[in-house]
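Structure at a glance
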Amino acid sequence: MPSRSCLVLLLALALTFAAAAAARGQERKAFTVTGPTGAHARTTAEVAHWVRIVRATRATREQARAQAMQLLVSIAWIEGEAAEQGLTVPGEAVSRSFREQRRQAFPTRRAFRRFLRQSGQTVADIRLRVRTDMLSNRIRRRFFRIARSRNS
């Protein structure tokens, strides 16, 4: 049977390796949505980030966690469905849509930066939402186009 000091040393080494792995970006997966085209995983850090964003709306911790998980699962599902159908959204199209939406919603760059600070979101978060919305619209249009052709 290993001695107590040996067990303490092993535990310390395990914690050191875990901390080093997290520092290298090898974050634990919170969940994975798997489909025919592959897996779309989200990390615990992503969940925590979106929980903080939802908490800015004064939601309770439980409500924020549920909403963050719902958002991330939806994003993963949409990404997987789009990949399965071979649908993509070019980065330039996302950038163009992002700029248009930002101009419509915020009269100045300063107003937009204030919104980012207050909401806790980053430009990358908003670009993710724009991209997801664009993919979702393409999936929906394709679905209705296929449904109409079957009914004809």
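Above: the structure in question.
Reading guide: rules and limits
Residue numbers restart at each chain and count upward from 1, following the sequence in its written direction. Given that this is a predicted model, residues contribute local features only at a pLDDT of at least 70 and side-chain atom pairs are listed and counted only at 80 or more, while totals for whole chains, interfaces and linings are drawn from all residues. Side-chain numbers come from the whole structure's heavy atoms, not from hydrogens or water. Buried Ala, Val, Leu, Ile, Met, Phe, Trp, Tyr and Cys residues form a nonpolar core when they are joined through side-chain atoms within 4.5 Å. Per-residue accessibility, obtained with a 1.4 Å probe over protein chains only, is compared with the maximum for each type, and a residue is labelled buried under 20%, exposed over 50%, and partly exposed between these values. Runs of E in the DSSP output that reach at least two residues are strands. Runs of H or I that reach at least four are helices, and both are numbered from the N terminus. Whether two residues are in contact is decided by their heavy atoms: any pair within 4.5 Å suffices. Interaxial angles span 0 to 180 degrees and are taken between N-to-C directions of axes, which are lines fitted to C-alpha atoms, for helices over the stretch in contact. Roughly parallel means an angle under 35 degrees; roughly antiparallel, over 145; roughly perpendicular, 65 to 115; everything else is oblique. Take the far helix as your reference; a near helix turned counterclockwise from it by less than a right angle gives a left-handed crossing, and one turned clockwise gives a right-handed crossing. Side-chain atoms alone can form a polar contact between residues adjacent in sequence; in general such a contact is a pair of N or O atoms within 3.5 Å, and within protein one must be able to donate a hydrogen while the other accepts it.

**Things to note about the nonpolar core**
Residues Val89, Phe112, Ile126 and Met134 are the most contacted members of the largest nonpolar core, which totals 16 residues. At the level of elements, helix H3 (61-85), helix H4 (91-105), helix H5 (109-119) and helix H6 (123-151) are the ones that each hand at least two residues to this core. Setting aside residues no more than four positions away along its own chain, Phe112 makes contact with Phe98, Arg102, Phe106, Val123 and Ile126. If you look at the next biggest cluster of nonpolar residues, it comprises 11 residues, including Ile53, Val54, Ala68 and Ala76.

**Thoughts on the packing of H3 against H6**
Taken N-terminus to C-terminus, the directions of H3 and H6 make an angle of 50 degrees; their axes are 10 Å apart at the nearest point. Here H3 lies oblique to H6, going by the angle between them. H6 is crossed by H3, and the crossing has left-handed handedness. Residues Leu71, Ile75, Ile78, Glu79, Glu81, Ala82 and Gln85 of H3 lie in contact with H6, whose contacting residues are Leu128, Arg129, Arg131, Thr132, Leu135, Ser136, Ile139 and Arg142.

**A closer look at the side chain of Thr132**
Tracing the backbone through its elements, the reader meets Thr132 in helix H6. Among the polar contacts listed, one links the side chain of Thr132 to the backbone oxygen of Leu128, at a separation of 2.8 Å.

These figures capture arrangement, not role.
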